[in-house]
Amino acid sequence: MDEFGLDVVDLRKSFEAPNGDRIEVLRGVTFNAKHGEVVAITGPSGSGKSTLLHLLGGLDTADHGTITFDGNEITSLDERKLSTLRRTQIGFVFQFHNLLPDLSAIENVALPLMIAREKRGYAYERAASLLHDARLDDREDHPISHLSGGEQQRVALARALVTHPRLLLADEPTGNVDAAIGEELGKALVSYVRNNGAVAIMATHSPTLAALCDRVFVLEVGKTRINQ
């Protein structure tokens, strides 16, 4: 196995403004992360943190540069292979949950496994185990709309972990919860990475969450350069 599970080299991304100008968001980002390591990406709003995570997860395409994870060059994969990689190896945790409100907590967590055509019994057993770890046993059959913000974020983390991802991408995962719940979520994420030899990249404004990570990088506005 390569020393670095994730290797990012000279990543660049720009967008077209309404007036036709090109806005450079990422201007040559280079960094790597080892298996079992959690890396925090910090920086002010608009510095490109979410854009970087979208590129790492294959949700958007870079203008230039390479992203390699466990031997797979994500930047060169076609959409079919990207879809398979996202479904089997990448877990996403979003600030605003992106849970399905008409489904229960356990249905939301089991959904990625159902989409992957795992057996229903296994999917629900795995989902129930993660909700137990999140101390949501008594809430697993409740609709998402009946859960508090902190409970919803714990469900979102459980959903991200249900497929045993090797790469975990979290975009402001504690942005909508109080400090105590945020620290709890951060510790759960770090524990998963340590115990499973995964890699986690977290975009965050939270000094508490960043302090739990092995390394902290800063995306600087304008230069969008990562510093250790």
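Just above, that's the structure.
Here the structure is a predicted model, which is why all the values come from computation and not from measurement.

A.B. asks: What should I look at first to understand the nonpolar core in this one?
C.D. replies: As a rule of thumb, nonpolar side chains are buried together in soluble globular proteins. One finds Val38, Val109, Leu131, Val155, Leu168, Leu189 and Met202 to be the most contacted residues of the largest nonpolar core, which totals 37 residues. With six residues, the single largest contributor to this core is helix α5 (residues 149-161). Residues in contact with Leu168, not counting those within four places in the same chain, are Gly91, Val93, Ala160, Leu161, Leu189, Tyr192, Val199, Ala200 and Ile201. Counting residues in each nonpolar core, the second largest holds 28 residues, with Leu6, Val25, Leu55 and Leu219 among its members.

A.B. asks: Would you explain the packing of helix α3 (residues 105-115) against helix α4 (residues 120-133) in this entry?
C.D. replies: For the pair α3 and α4, the least separation of the axes is 8 Å and the interaxial angle reads 130°. Taken as axis vectors, α3 and α4 run oblique relative to one another. For the pair α3 and α4, the crossing hand works out as right-handed. The residues of α4 that touch α3, namely those facing Ala105, Ile106, Glu107, Val109, Ala110, Leu113 and Met114, are Arg120, Tyr122, Ala123, Tyr124, Arg126, Ala127, Ala128, Leu130 and Leu131. When its residues are assigned to classes, the contact of α3 with α4 shows 13 nonpolar, no polar and three charged.

A.B. asks: Sorry if this is basic, but what is going on with the packing of α4 against α5 here?
C.D. replies: For the pair α4 and α5, interaxial distance at closest approach is 9 Å and the crossing angle is 135°. Judged on the interaxial angle alone, α5 and α4 are oblique. For the crossing formed where α4 meets α5, the hand is right-handed. Residues Arg126, Leu130 and Leu131 of α4 pack against Val155, Ala158 and Leu161 of α5. The residue makeup of the contact of α4 with α5, split by class, is five nonpolar, no polar and one charged.

A.B. asks: Can you walk me through helix α6 (residues 179-196) in this structure?
C.D. replies: Side chains of residues three or four places apart in an α-helix project in the same direction, reflecting 3.6 residues per turn. Here α6 is 18 residues long and its end C-alpha atoms lie 26 Å apart, about the 26 Å a rise of 1.5 Å per residue gives. Taken together, the buried positions of α6 are Gly182, Leu185, Gly186, Leu189, Val190, Tyr192 and Val193. Down the axis of α6, the smallest arc covering the buried residues is 155°, so these residues share one side. Opposite the buried face of α6, by more than 90 degrees, sit the exposed residues Ala180 and Asn195. Among the structural elements, β3 (37-42), α5, β7 (167-171), β8 (199-203) and α7 (207-211) are those in contact with the buried residues of α6. The first or second residue beyond α6 is Gly197, which carries a positive phi of 60°.

Criteria and thresholds
Residues numbered from 1 in each chain as written. Predicted model: local features only at pLDDT ≥ 70, side-chain atom pairs only at ≥ 80, totals over all residues. Heavy atoms only, no water. Core = buried A, V, L, I, M, F, W, Y, C linked by side-chain atoms within 4.5 Å. Buried < 20%, exposed > 50% of the residue type's maximum accessible area, 1.4 Å probe, protein only. Helix = DSSP H or I, 4+ residues; strand = E, 2+ residues; numbered from the N terminus. Contact = heavy atoms within 4.5 Å. Axes fitted to C-alpha atoms, helices over the stretch in contact; angles between N-to-C directions. Parallel < 35°, antiparallel > 145°, perpendicular 65-115°, else oblique. Left-handed = near helix turned anticlockwise from the far one by under 90°. Nonpolar A, V, L, I, M, F, W, Y, C, P; charged D, E, K, R; others polar. Expected span 1.5 Å × (residues − 1). Arc of directions from axis to C-beta.

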